[in-house]
Amino acid sequence: GESVGLHLPTLSVQEGDNSIINCAYSNSASDYFIWYKQESGKGPQFIIDIRSNMDKRQGQRVTVLLNKTVKHLSLQIAATQPGDSAVYFCAEIINGGSQGNLIFGKGTKLSVKP
Amino acid sequence: DTGVSQDPRHKITKRGQNVTFRCDPISEHNRLYWYRQTLGQGPEFLTYFQNEAQLEKSRLLSDRFSAERPKGSFSTLEIQRTEQGDSAMYLCASSEFFGPGTRLTVL
């Protein structure tokens, strides 16, 4: 069935270290992916997106990698800071986001130790 | 701040009451979505508007739920005869950008 899942429900890292959050998706028709950060009591915040015709995209301190062969997505956060502590969701969409809805996984909680 | 606003931010109601939430999306964004999120879960799709047309509804959207976007700008989500299971965060998204959500608690 269609689902977006995460390998690890929680991740604890030391401040300054790099974080890697993983995500597996099952719908091979998905062609647009977004990583969201959600802090407690707030709505999901768009971090970075990637289309299926790419395998890597970089933002400020974040990199998203897409492996379509194994249907795997990862979010790398460089030099993790306490403000990065949140739940991270990957979401997939079919049809390039021009229509249709996002499908979310359960999320990974990132805790940054000072 | 994504530019998407939702009102109210919190709503506490008694079982059986009706509630209505409002979403003001980013100007000129044609696509507007409603999602529901319960604790520890990712957001779940409820319904989708392209301008004023409601194009898709999830099976989660029972007949007690209704959404409108009359002029293709703001949208409302109404829940009639609320049940305790309706307690959740209701999120509005303007394309891929989310508002702060409305936290509903049904007593």
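Quick note: structure is the one above.
Report on the accompanying structure. Bear in mind that the values here come from a model prediction, so they are computed numbers and not experimental data.

**A closer look at the overall build of chain B**
Of regular secondary structure, chain B possesses zero helices and eleven strands. Its helices and strands taken in sequence order, chain B reads β-β-β-β-β-β-β-β-β-β-β from the N to the C terminus. In terms of C-alpha radius of gyration, chain B reaches 13 Å, essentially the compact-globule figure of 13 Å for 107 residues. Summarising its shape, the C-alpha atoms of chain B cover approximately 35 × 30 × 20 Å along the three principal directions. A total of 107 residues make up chain B; the buried ones form 46% of that total. Sequence-distant contacts, at least 24 apart, represent 50% of the contacts inside chain B between residues at least 6 apart. Within the structure as shown, chain B displays about 5500 Å² of accessible surface, and the carbon and sulfur contribution to it stands at 44%. In chain B, the 14 positive side-chain charges and the 13 negative ones have mean positions that sit 6 Å from each other.

**Side note on the pattern of salt bridges**
One pass over the full model with this rule turns up seven salt bridges over all chains. Among the salt bridges present, the one from A:Glu39 reaches A:Lys42, with a minimum N-O distance of 3.8 Å. Taking the relative accessible area as the measure of exposure, A:Glu39 reaches 30% and is therefore partly exposed. We note a salt bridge from B:Glu96 to B:Arg31, for which the minimum N-O separation is 3.0 Å. Of this pair, B:Glu96 sits in the loop between β9 (88–94) and β10 (97–98) while B:Arg31 sits in strand β4 (residues 31–37), placing them 65 residues apart in sequence. The same class applies to B:Glu96 and to B:Arg31, which are both buried. Salt bridges linked by common partners bring B:Arg64, B:Glu83 and B:Asp86 together as one network.

**Some points on the interface of chain A and chain B**
Every contact between the two is made by 19 residues of chain A and, on the other side, 20 residues of chain B. Roughly 1400 Å² is buried in total at the junction of chain A and chain B, and carbon and sulfur atoms are behind 55% of that figure. The largest contributions to the chain A side of the interface with chain B come from A:Pro44, A:Asn101 and A:Phe104, which together make up 29% of the buried area. With four residues, the single largest contributor to the side of chain A that touches chain B is strand β4 (residues 30–38) of chain A. Across the side of chain A that touches chain B, the residue classes tally to eight nonpolar, nine polar and two charged.

**Quick look at the pairing of strand β7 (residues 65–68) of chain B**
Every regular strand shows the same layout, with side chains that alternate between the two sheet faces. Covered by surrounding structure in β7(B) are B:Phe65 and B:Ala67 only, the residues B:Ser66 and B:Glu68 on the alternate face being uncovered. Here β7(B) folds back onto strand β8 (residues 75–79) of chain B in antiparallel fashion, the turn holding six residues, of which B:Gly72 has a positive phi close to 75°.

**Some remarks on the packing of aromatic side chains**
Taken as a whole and judged by the stated rule, the model has 14 aromatic pairs over all chains. Both rings, one in B:Tyr33 and one in B:Tyr35, keep their centres 6.1 Å apart while their planes meet at 35°; by these two values the pair is tilted. Owing to a relative accessible area of 1%, B:Tyr35 belongs among the buried residues under this scheme. Aromatic ring contacts, followed pair by pair, group A:Tyr36, A:Phe46, A:Phe89, A:Phe104, B:Tyr33, B:Tyr35, B:Phe45, B:Tyr48, B:Phe97 and B:Phe98 into a single cluster. It is A:Arg51 that lies over the ring of A:Tyr32; its NZ or CZ is 4.1 Å from the centre. Against the face of B:Phe74 rests B:Arg22, its NZ or CZ located 3.9 Å from the ring centre.

The rules behind each value
- Residues numbered from 1 in each chain as written.
- Chains lettered and ligands numbered in written order.
- Predicted model: local features only at pLDDT ≥ 70, side-chain atom pairs only at ≥ 80, totals over all residues.
- Heavy atoms only, no water.
- Helix = DSSP H or I, 4+ residues; strand = E, 2+ residues; numbered from the N terminus.
- Rg over C-alpha atoms; globule rule 2.2 N^0.38 Å.
- Buried < 20%, exposed > 50% of the residue type's maximum accessible area, 1.4 Å probe, protein only.
- Contact = heavy atoms within 4.5 Å.
- Areas by Shrake-Rupley, 256 points an atom, 1.4 Å probe, with all protein chains shown as cover.
- Lys, Arg positive; Asp, Glu negative; His and termini not counted.
- Charge placed at Lys NZ, Arg CZ, Asp CG, Glu CD.
- Salt bridge = Lys/Arg side-chain N within 4 Å of Asp/Glu carboxyl O.
- Buried area = accessible area lost by both parts, 1.4 Å probe.
- Nonpolar A, V, L, I, M, F, W, Y, C, P; charged D, E, K, R; others polar.
- Pairing = 2+ DSSP bridges.
- Phe/Tyr/Trp six-rings, centres within 6.5 Å; stacked < 30°, edge-to-face > 60°.
- Lys NZ or Arg CZ within 6 Å of the ring centre and 35° of its normal.

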